[in-house]
Amino acid sequence: MTDEQLAEQAERQSAMRVLRRVAPYLWPRDMPWVKRRVVWAMVALVASKLVSVATPLFYKDAVDALAGEGTPMLALGAVALTLAYGMARLMNVGFQQLRDAVFARVGQRALRMLALETFQHIHKLSLRYHITRKTGGLSRIIERGVKGVDFLLRFLLFSIGPLILELLLIAIILTALFDIWYTVVVAVTIALYVWFTFAVTEWRVKLRRQMNDSDTDANQKAIDSLLNYETVKYFGAEAREAARYDHAMAGYEEAAIKTNYSLAFLNFGQALIITAGLVGVMVMAAIGVQNGTLTVGDFVMVNAYMIQITVPLNFLGTVYREIRQALVDMGQMFGLLEQPAEITDKPDAPDLRITGGRVTLENVRFGYDPDRLILNGISLEARPGETLAIVGSTGSGKSTIGRLLFRFYDVQGGALRIDGQDIRDITQDSLHRAIGVVPQDTVLFNDTIRYNIAYGRDAATQDEIEAAARAAQIHDFILSLPQGYETAVGERGLKLSGGEKQRVGIARTLLKDPPILLLDEATSALDSDTEHEIQDALRRAGQGRTVLTIAHRLSTVAEADRIIVLEKGEIVEQGSHETLLARQGRYAQLWQRQQSEED
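Rules used throughout
- Residues numbered from 1 in each chain as written.
- Predicted model: local features only at pLDDT ≥ 70, side-chain atom pairs only at ≥ 80, totals over all residues.
- Heavy atoms only, no water.
- Core = buried A, V, L, I, M, F, W, Y, C linked by side-chain atoms within 4.5 Å.
- Buried < 20%, exposed > 50% of the residue type's maximum accessible area, 1.4 Å probe, protein only.
- Contact = heavy atoms within 4.5 Å.
- Helix = DSSP H or I, 4+ residues; strand = E, 2+ residues; numbered from the N terminus.
- Phe/Tyr/Trp six-rings, centres within 6.5 Å; stacked < 30°, edge-to-face > 60°.
- Pairing = 2+ DSSP bridges.
- Axes fitted to C-alpha atoms, helices over the stretch in contact; angles between N-to-C directions.
- Salt bridge = Lys/Arg side-chain N within 4 Å of Asp/Glu carboxyl O.

Novice: I'd like a description of the nonpolar core, backed by residues and values.
Specialist: By size, the foremost hydrophobic cluster in this structure holds 30 residues, and its most contacted members are Val-359, Leu-361, Leu-404, Ile-418 and Ile-435. Ignoring sequence-local partners within four residues, the contact set of Ile-418 consists of Leu-352, Ile-354, Arg-358, Val-359, Leu-405, Ile-423, Leu-431, Ile-435 and Ile-516.

Here you go:
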């Protein structure tokens, strides 16, 4: 098979997979009310089609009654038949609206459940996935996927199925009232129309996919540039970013133009086929009227049926294109949902039991790339209530220990334990509850200061929030603001200084009240004066807890109970600040170098 054939086969398999994934939302085992609504929606749908197919019969009899021709099927006068015709049209619309109203809750519930499932799954994916994934592209995949589900639920049920039913009923009526050749012409017209629509749409899907890829790329570049607004300004790169974005949009423009051209070709070809079929049937009916075998009412009825077929067939082209595209979009989203979570809980894993907060690394080996180890057999222990500092040059593996402790990744050798429990054997939720993290750069939600501090513990009271802010030495600053705790911090906390963001982050962690505190270079991004102020808040935060401090600036860890010195993934020294200085080893070299740089 060629690469193109393999790709088409993969797409068909993806489409079937998508349909299998969507079906349970329409017929869930544990929700009988959903099944009832689907059944009643189907009843209303069938009723609307029966009324729709019967409507031209009233029209025919009314025309024959007015023309004084034929034998009306219904023994009613022209006025009564006209009223019956109008009532039938109204009932058709009424049943359609009833169908949509009954099904609305089913569709919206499916969308809500799917969106929630996707959102939850994304949070379960590993840090490795989120580091390599483009946020802008990810948001577009989810957005298009959810819209695709909405379209598929509504139109697959209420367009394709009803259209087939209506065509069958019309074929039966044409064969019964006229002859088989009318049905043959209609069938050939429909077959040609469907073949042409599907063939051209397959071609258009490839163009549409190129357009989507360009759209995703342009959107990702725009979001990436806006998230790095300050960096763009620092380097005067506005024109460069605009050119980069314009280049991506140029690809989208080219793909969009091809898509529009192909749409014009598709619409004209569909109109040609439908018009040819309509004229063919009408010519046959006109000959029958001239020969006296058909009445004017028959001619009008045939015309009404052909127009009735034309409308949904024209709609079929649009529906098929959109369903085809929806399947592609949903395939991307379900592909995301099927992305396996790298870090998972063991079946029936227990919660972490904290008896003191002892953290132990036993011969830990780890590398982001299996061929390049970052930690090469690390063994250390942070005792309950102890402040243990981990220092070393860039790339020595300091921050990696913090990521392993929080279980963003699993160790590849050895074990990491808390109070004797291997963190791979316990639930991630209980592990995360036990550890509070103050990172190098605290990122805040685009909400109020109160919301960001309260994020540390759900349902925290205002008094608890203020107590945490006092402990982090930011309460007075907050009160000095015009809106106090209701002050908005801006996206990622950009309206606050670095020191203010760090204090909010410390207050948030203190409110969480974890037994283990991880300070991941929590002050390295701050100036010396702010650093000293933050250090005082951190010392208070660490009282009575097991504290692991990962630091590059050695002055921040001089008061630690013990200091571990890492080099190339191995421990080369450990001891107190004074002991390590007296040893005149690697720590002393780093200390002297930093002191001379500060001087």
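Moving on from the model shown.
Novice: Could you give an account of helix 10 (residues 398–405), with specific residues and numbers?
Specialist: With 6 of its 8 residues buried, helix 10 lies for the most part within the structure. Taken together, the buried positions of helix 10 are occupied by Lys-398, Thr-400, Ile-401, Gly-402, Leu-404 and Leu-405. Note on helix 10: the residue one or two positions beyond its end, Arg-407, has a positive phi of about 60°.

Novice: Would you mind going over the packing of aromatic side chains in detail, with residue names and values included?
Specialist: Two descriptors summarise a pair of aromatic rings, namely the distance from one centre to the other and the angle between the planes of the rings. Here the structure, examined in full by the defined rule, presents 9 aromatic pairs. Between Phe-366 and Tyr-409 the ring centres are 5.6 Å apart and the planes differ by 45°, which places this aromatic pair in the tilted class. Taken together, the residues span a long stretch of sequence, with Phe-366 in strand 1 (residues 359–366) and Tyr-409 in the loop between helix 10 and strand 4 (413–418) at a distance of 43 residues. For the pair Phe-366 and Tyr-409, one class covers both residues: buried. Connected via pairs of aromatic rings, a cluster forms that spans Phe-366, Tyr-368 and Tyr-409.

Novice: Can you break down the sheet that holds strand 4 residue by residue, with the values?
Specialist: A sheet is described by the order of its strands in space; here 4 strands give the open sequence 2-1-4-5, paired in antiparallel fashion. Because the sheet does not close on itself, it has two edges, and the strands there are strand 2 (375–382) and strand 5 (421–422). Relative to strand 5, strand 4 is paired through 2 bridges, and the arrangement is antiparallel. Within strand 5, the position partnered with Ile-418 by the bridge is Gln-421. Relative to strand 1, helix 10 is tilted by about 115°, and along the sheet it contacts strand 1, strand 2 and strand 4.

Novice: Can you tell me about the pattern of salt bridges, naming the residues and giving the values?
Specialist: Applying the stated rule across the entire model yields 20 salt bridges. Between Asp-100 and Arg-99 there is a salt bridge whose closest N-O contact spans 3.1 Å. Residue class for Asp-100 comes out partly exposed when judged on its relative accessible area of 31%. Assessed through its relative accessible area of 9%, Arg-99 is described here as buried. The residue Arg-586 makes a salt bridge to Glu-567 at a minimum N-O spacing of 3.1 Å. You can see Arg-586 sitting in helix 18 (residues 586–598) and its partner Glu-567 sitting in strand 9 (residues 562–567), a full 19 residues away along the chain. According to the relative accessible area criterion, Arg-586 is partly exposed, its value standing at 22%. One network of salt bridges, with partners in common, ties together Asp-345, Arg-407 and Asp-410.

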